[in-house]
Amino acid sequence: MNGSLLVRLPRGDDLLEALAGICLERNISKGHLTLIGSLERAVLGFYDQDAREHRLRTVETGTEILSGLGNVSLRDGLPVVHLRLTLLTGDFAVTGGQAMPGCVLFAGEACITPLAGPCLHRGLDPATGLALWDQTGM
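Residues numbered from 1 in each chain as written. Predicted model: local features only at pLDDT ≥ 70, side-chain atom pairs only at ≥ 80, totals over all residues. Heavy atoms only, no water.

1. Quick word on the environment of G123
Of note, G123 is situated in strand β8 (residues 122–125). If near-sequence neighbours (up to four positions away) are discounted, G123 is found in contact with L130, A131 and L132. (Helix = DSSP H or I, 4+ residues; strand = E, 2+ residues; numbered from the N terminus. Contact = heavy atoms within 4.5 Å.)

2. Some details on the nonpolar core
As a rule of thumb, soluble globular proteins bury nonpolar side chains together. Within the largest apolar cluster, 30 residues are counted, with the highest numbers of intra-cluster contacts made by L9, L15, L19, L39, L83 and L85. Only β1 (5–9), α1 (15–25), β2 (31–48), β4 (63–75), β5 (78–88) and β7 (104–114) provide two or more residues apiece to this core. Sort the elements by how many residues they give to this core and α1 lands first, with seven residues. Filtering out sequence-adjacent residues up to four positions away, L85 remains in contact with L15, L35, L39, L44, I65, S67, G68, T95, G96, G97, A99 and C103. (Core = buried A, V, L, I, M, F, W, Y, C linked by side-chain atoms within 4.5 Å. Buried < 20%, exposed > 50% of the residue type's maximum accessible area, 1.4 Å probe, protein only.)

3. Notes on the environment of R84
Within the secondary structure, R84 sits in strand β5. In this structure R84 comes out as partly exposed when scored by relative accessible area, which is 44%. Residues R84 and G45, 39 residues apart in the sequence, show an inter-C-alpha distance of 9.1 Å. For R84, the contacting residues outside a window of four places in its chain are S67, G68, L69, G97 and Q98. Only 3.0 Å separates the side chain of R84 from the side chain of H82, close enough to count as a polar contact. (Polar contact = N/O pair within 3.5 Å; in protein donor to acceptor, adjacent residues only side chain to side chain.)

These figures come from the coordinates and say nothing about function on their own.
Structure representation (structure tokens):
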């Protein structure tokens, strides 16, 4: 595939599932993505480095996606989206974090740019406890 793919995301879908599904359907295994739109519900993560676990925060009211920035790679042979969100709440406060499962779309427009070259595979990095790109063979 040449160039970027511009997609409108379906209302009510899980944000990460929708993006990963598009990548699977279009055979995108490595890429860069940007996103704007809004969420009915947001689930955000912050990785606690000392505890080596994600702390989660759920925003149950509608939010605007000011910025979504992420990448696509493979985990267990399937496309996975790693996405950071900056969100605006109804009281004009800004919050953000890693998009986690459970983010429900109200509206979304994404630009997915496939990247050429060998696939990137995510696996457990013992030094951080995170699923990071495997640097062997890159």
